[in-house]
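Chain residues, written in single-letter form:
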Amino acid sequence: MAEDLIKIEGSRKEKYASLYPQIQSLLAGEADKYANLANIAAAVHEVFGFFWVGFYLTKDDQLVLGPFQGPVACTRIPFHKGVCGHAYTTRETVLVPDVEAFPGHIACASASKSEIVLPAIVNGEVVLVFDLDSDQLADFSEVDQEGLEKIIKLIEESWTSWS
């Protein structure tokens, strides 16, 4: 596939519906996990323009920064800290409308106002979290959760075939 995205106008739900098959095409035939995660982060960032979009991978009993789009970020996050750590430990999507109201929020960037974090679970283990930040309060909704969980499912299904 050419590395150009078709960006549509429309609701977020329509944008996720358009983006998902494009991500599938980007991943088709590519086995490198970092290349695939980088393209996923870039595609979501390009289509939605969120402040920060990226991955933290589990390594050495912590979450370590992986491919992302946006300003520099925290490099390492303990499993029990912040929104990413909460998603890791609960193994559930965490949607935070106001990061200042989240107990223990880690402020990697002061411009971040809302956040959604989704864990990817493979063979019973959380292998990464997908972290998205917005510079607007309450920017993420159940529509985002639904669209992003489809992308997480794609990652989970492909993970063991990636090197």
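Residues numbered from 1 in each chain as written. Predicted model: local features only at pLDDT ≥ 70, side-chain atom pairs only at ≥ 80, totals over all residues. Heavy atoms only, no water.

Peer 1: Requested: an account of the layout of surface pockets, with residues and values cited.
Peer 2: Approximately 160 Å³ is the volume found for the largest pocket. Lining the largest pocket we find Lys13, Tyr16, Ala17, Tyr20, Val143, Glu146, Gly147, Lys150 and Ile151. Only α1 (12-27) and α4 (142-158) provide two or more residues apiece to the lining of the largest pocket. At five residues, α4 tops the list of elements feeding residues into the lining of the largest pocket. (1 Å grid on protein atoms, 1.4 Å probe; cavity = no way out; pocket = protein on both sides within 12 Å on 5 of 7 lines; lining within 4 Å. Points joined across faces, edges and corners; volume = space filled by probe spheres on them. Helix = DSSP H or I, 4+ residues; strand = E, 2+ residues; numbered from the N terminus.)

Peer 1: Which residues make up the side chain of Asp139, and what are the values?
Peer 2: Examined against the element boundaries, Asp139 turns out to sit in the loop between β6 (125-134) and α4. One polar contact links Asp139 to Ser134, side chain to side chain, over a distance of 2.6 Å. Once you skip the residues sitting within four places of it in the chain, Asp139 turns out to touch Arg12, Phe50, Ser114, Ser134 and Asp144. (Polar contact = N/O pair within 3.5 Å; in protein donor to acceptor, adjacent residues only side chain to side chain. Contact = heavy atoms within 4.5 Å.)

Peer 1: Any chance you could break down the packing of α1 against α4 for me, citing the residues and the numbers?
Peer 2: Where α1 meets α4, the closest approach of the two axes is 10 Å, and the angle between their N-to-C directions is 10 degrees. Accordingly, the angle class assigned to the pair α1 and α4 is roughly parallel. Each of Arg12, Lys13, Tyr16, Tyr20, Ile23, Gln24 and Leu27 in α1 lies in contact with α4, whose residues at this interface are Val143, Asp144, Glu146, Gly147, Leu148, Lys150, Ile151 and Leu154. Its residues assigned to classes, the contact of α1 with α4 comprises eight nonpolar, two polar and five charged. (Axes fitted to C-alpha atoms, helices over the stretch in contact; angles between N-to-C directions. Parallel < 35°, antiparallel > 145°, perpendicular 65-115°, else oblique. Nonpolar A, V, L, I, M, F, W, Y, C, P; charged D, E, K, R; others polar.)

Peer 1: Give a detailed account of helix α2 (residues 33-48), specifying residues and quantitative values.
Peer 2: Along its 16 residues, α2 runs 22 Å from first to last C-alpha, staying within 8% of the 22 Å computed at 1.5 Å per residue. Those residues of α2 that fall on the buried side of the exposure criterion are Lys33, Asn36, Leu37, Ile40, Ala41, Ala43, Val44, Val47 and Phe48. Axial view of α2: buried residues confined to an arc of 160 degrees, hence all on one face. Elements that come into contact with the buried residues of α2 comprise α1, β1 (52-59), β2 (62-69), β6 and α4. N-capping of α2 is provided by Asp32, with a side-chain oxygen placed 3.0 Å from the backbone N of Tyr34. At the exit of α2 stands Gly49, carrying a positive phi of roughly 70 degrees. (Expected span 1.5 Å × (residues − 1). Buried < 20%, exposed > 50% of the residue type's maximum accessible area, 1.4 Å probe, protein only. Arc of directions from axis to C-beta.)

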